[in-house]
Amino acid sequence: MNATEITFDGIFGQETAKRFLAQAFRQGRLAHCYLFFGPEGVGKLATALAFARALVCQSEQQRPCGTCRNCKLFVARSHPNVQVIFPHPKSAKESDVQAVLEEIFSQPYIWHSPWASPSISIDEVRSLRRELGLSSQGGEIRVILFLDAHLMTAEATNALLKTLEEPPELTYFVLISSSPDQLLPTILSRSQQVRFSFLSVQEITAGLARFTDLPEDRRRQIARFAQGSLRRALALAGENVQQLREQAVELLRAAFRNAPQRAMHVTQLVQQHDRRVLMEILESLLHWLRDAHYLRLGLGDDQPSVGYEDRETLQRFNERFADFDFDSAIAEVDLSIHMLRRYVQPNLVLSVLLNHLRRCEKHANSTEKLRRMAL
Ligand SMILES: [Zn+2]
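Residues numbered from 1 in each chain as written. Predicted model: local features only at pLDDT ≥ 70, side-chain atom pairs only at ≥ 80, totals over all residues. Heavy atoms only, no water.

**Some points on the packing of helix 12 (residues 259-272) against helix 16 (residues 346-359)**
Definition in use: In this analysis an axis means a line fitted to C-alpha atoms, helices contributing only their contacting stretch, and an angle means the value between N-to-C directions, from 0 to 180 degrees. In this description a helix means any DSSP run of H or I spanning at least four residues, a strand means any run of E spanning at least two, and both kinds are numbered starting from the N terminus. Each angle receives one of four descriptions, namely roughly parallel if under 35 degrees, roughly antiparallel if over 145, roughly perpendicular if within 65 to 115, and oblique otherwise. Left-handed describes a crossing in which the near helix is turned anticlockwise from the far one by less than a right angle; the clockwise case is right-handed. The contact definition used throughout considers only heavy atoms, calling two residues in contact when any of these lie within 4.5 Å.
Put simply, helix 12 and helix 16 touch, their axes get as near as 10 Å, and they point 140 degrees apart. Here helix 12 lies oblique to helix 16, going by the angle between them. As helix 12 runs across helix 16, the sense of the crossing is right-handed. Where helix 12 approaches helix 16, its residues R262, V266, L269 and V270 are matched on the opposing element by P346, N347, L350, S351, L354, N355 and R358.

Take a look at the structure:
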């Protein structure tokens, strides 16, 4: 490969990862297998696609050039030497698989799997190995991306390992994962690891400016709620963030009411909202509790991630619940989100959560709690 410059136009943030890849590229010291790891929705896939495109580009100047034959084939998703492997059920319809592939290329920040528990099967890796066994197309570079690589079955992982042990010439692998701890150590040790980090509020605001028509103040508001993930910000762009936050506070209030009232609140929530919205409400509660905690600690004013639209409510909460155990409450809300994601019954999850939140205020008796309810 010619030593040349790589450009990462259109990738938000991730300066360290980009610099690292650009340097390896410029020095012609590329690893056969990369592992891009880090949180969801921060640009691992977008960067991997840009990297793949630069690798197959034929320009001797900046790559990808956008004008050579390979760049054009790449944009048309018909480059024979770039392959994207992603988890899907064996029974998935070919048209669905193609639609997802289209989304992966056209909207890497938004892409998400439509299937409940997809995996990368041994068949997938076997057919890849067969193709790699054949001589590469005209002695050109090949790039294979593995999305959500941690969702590879054990058999598939072992088959891939065999390939990585004797990597075919001119072939580069990029594994992408938000859960690298679920990958086999043997895979990790054969990969050059590249860490991706949470995006800043500014970077997410810039992302929202590109992908949405939202006004500046809304973009900033959503960016603060997005917890460092552009994907999450884009999902929130379609939601009413303020309303979610109010529903979160309502849920917290309900925790300090009596048992029948708590049960009633849970029943109503579950009737009104599907699992996805319930998860959003809990995410919003998580955010609210963090804000309240920051405020109590006297932090936050210089924390751009903290939203203080409802500073009065936060302060009232801190005054009335002076011994509230934030760490425990936050851990419990986190666990509840996890359980909803795992398809545990929402009714059960929310009932258990309210009971726990109630116990997070250690020193108040129940009459006192009722008095303080006027949060
Ligand atoms: Zn090119």
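**Points about the coordination of the zinc ion**
How we decide: Distances up to 2.8 Å from the metal define which N, O and S atoms are donors, and 3.2 Å serves for Na, K and Ca; water is absent from the atom set, so sites may look incomplete. Under this scheme a four-donor centre is tetrahedral when all angles range from 85 to 135 degrees, a four-donor centre is square planar and a six-donor centre octahedral when opposite donors are above 155 degrees with the rest from 65 to 115, and any other centre is irregular. Accessibility here uses a 1.4 Å probe with only protein chains present; expressed as a share of the type maximum, an area under 20% marks a residue as buried, one over 50% as exposed, and anything in between as partly exposed.
Those protein atoms acting as donors to the zinc ion are C57 (SG), C65 (SG), C68 (SG) and C71 (SG), and they sit at 2.3 to 2.4 Å. With four donor atoms in place around the zinc ion and angles of 104 to 116 degrees between them, the coordination shape is tetrahedral. Within one chain, the residues donating to the zinc ion are spaced in sequence as C-x7-C-x2-C-x2-C. Overall, C71 belongs to the buried group, its relative accessible area being 1%.

**Examining the sheet that holds strand 2 (residues 82-85)**
Applied cut-off: Strand pairing is defined by DSSP finding a minimum of two bridges between the two strands.
With parallel pairing, five strands are arranged side by side in an open sheet as 2-3-4-1-5. Across the chains shown, the open sheet's two edge strands, defined by having one partner strand only, are strand 2 and strand 5 (192-195). On average, each strand axis in the sheet is inclined to that of its neighbour by 20 degrees, with strand direction left out of account. Of the strands in this sheet, strand 2, strand 3 (142-146) and strand 4 (171-177) touch helix 5 (residues 122-133), which is tilted by about 175 degrees from strand 3.

**Description of the packing of aromatic side chains**
Our working definition: We call Phe, Tyr and Trp rings a pair once their centres come within 6.5 Å, taking the six-membered ring for Trp, and we label the pair stacked below 30 degrees between planes, edge-to-face above 60, and tilted otherwise.
Under the definition given, this model contains 15 aromatic pairs. Their ring planes at 80 degrees and their centres at 5.3 Å tell us that W288 and F317 sit as a pair that is edge-to-face. With W288 in helix 13 (residues 275-296) and F317 in helix 14 (residues 311-320), the pair connects residues that are 29 residues apart, well separated along the chain. Both residues of the pair, W288 and F317, belong to the buried class.

**Describing the side chain of R219**
Selection rule: Identification of polar contacts relies on pairs of N or O atoms within 3.5 Å, with a donor-acceptor requirement for protein atoms, meaning one able to donate a hydrogen and the other able to accept it, and with residues adjacent in sequence counted only if both atoms are side-chain atoms.
Within the element layout of this structure, R219 appears in helix 9 (residues 216-225). By relative accessible area, which is 14% here, R219 ends up buried. A distance of 2.8 Å separates the side chain of R219 from the side chain of E216, its partner in a polar contact. When near neighbours in sequence (up to four residues on either side) are disregarded, R219 contacts T205, L208, A209 and L214.

**Overview of the pattern of salt bridges**
Between side chains of opposite charge, pairing is possible as soon as their charged atoms come close. Quick reminder of the rule: The term salt bridge refers to a pairing of a side-chain nitrogen on Lys or Arg with a carboxyl oxygen on Asp or Glu at a separation within 4 Å.
Considering all chains together, one arrives at nine salt bridges under this definition. The partner of E140 in a salt bridge is R69, and the shortest N-O contact between them spans 3.9 Å. Of the two residues, E140 sits in the loop between helix 5 and strand 3 while R69 sits in helix 3 (residues 69-75), which places them 71 residues apart along the sequence. Residue class for E140 comes out partly exposed when judged on its relative accessible area of 24%. A salt bridge links D123 to K90; the nearest nitrogen and oxygen atoms lie 3.7 Å apart. Here D123, found in helix 5, pairs with K90, found in the loop between strand 2 and helix 4 (94-106); they are 33 residues apart in sequence, far enough to count as distant. When its relative accessible area of 42% is taken as the criterion, D123 is described as partly exposed.

**Here's the deal with the nonpolar core**
Heads up, the condition is: Nonpolar cores were defined as sets of buried Ala, Val, Leu, Ile, Met, Phe, Trp, Tyr and Cys residues, with membership established by side-chain atoms within 4.5 Å.
Within the largest apolar cluster, 96 residues are counted, with the highest numbers of intra-cluster contacts made by F36, F51 and L289. Every residue in contact with L289, bar those within four places of it in the chain, is listed here: L252, F324, F326, A329, I330 and V333. In terms of nonpolar packing, the next biggest core, distinct from the first, is built from 22 residues, I122, V125, L164 and F173 among them.

**Some remarks on the packing of helix 8 (residues 201-211) against helix 10 (residues 230-237)**
Rules: Each residue is assigned to one of three groups, with Ala, Val, Leu, Ile, Met, Phe, Trp, Tyr, Cys and Pro labelled nonpolar, Asp, Glu, Lys and Arg labelled charged, and all others, Gly among them, labelled polar.
Between helix 8 and helix 10, whose axes approach to 10 Å, the crossing angle comes to 50 degrees. On the basis of the axis angle, helix 8 is oblique to helix 10. The element helix 8 and its partner helix 10 pack so that their crossing is right-handed. Side by side, helix 8 and helix 10 meet where I204, G207, L208 and F211 of the first sit next to L230, A233, L234 and A237 of the second. When its residues are assigned to classes, the contact of helix 8 with helix 10 shows seven nonpolar, one polar and no charged.

**Points about unusual backbone geometry**
In this structure, P64 follows R63 across a cis peptide bond, with omega equal to 0 degrees. Among the secondary structure elements, P64 is positioned in the loop between helix 2 (44-56) and helix 3. The phi dihedral of L170 is positive, around 60 degrees, even though this residue is not glycine. Structurally, L170 is set in the loop between helix 6 (154-165) and strand 4.

**A look at the environment of V241**
Within the secondary structure, V241 is located in helix 11 (residues 241-254). Overall, V241 belongs to the buried group, its relative accessible area being 2%. Placed 43 residues apart in sequence, V241 and F198 show a C-alpha to C-alpha distance of 20 Å. Those residues within four positions of V241 in sequence are excluded, and the remaining contacts are R218, I222, F225 and L236.

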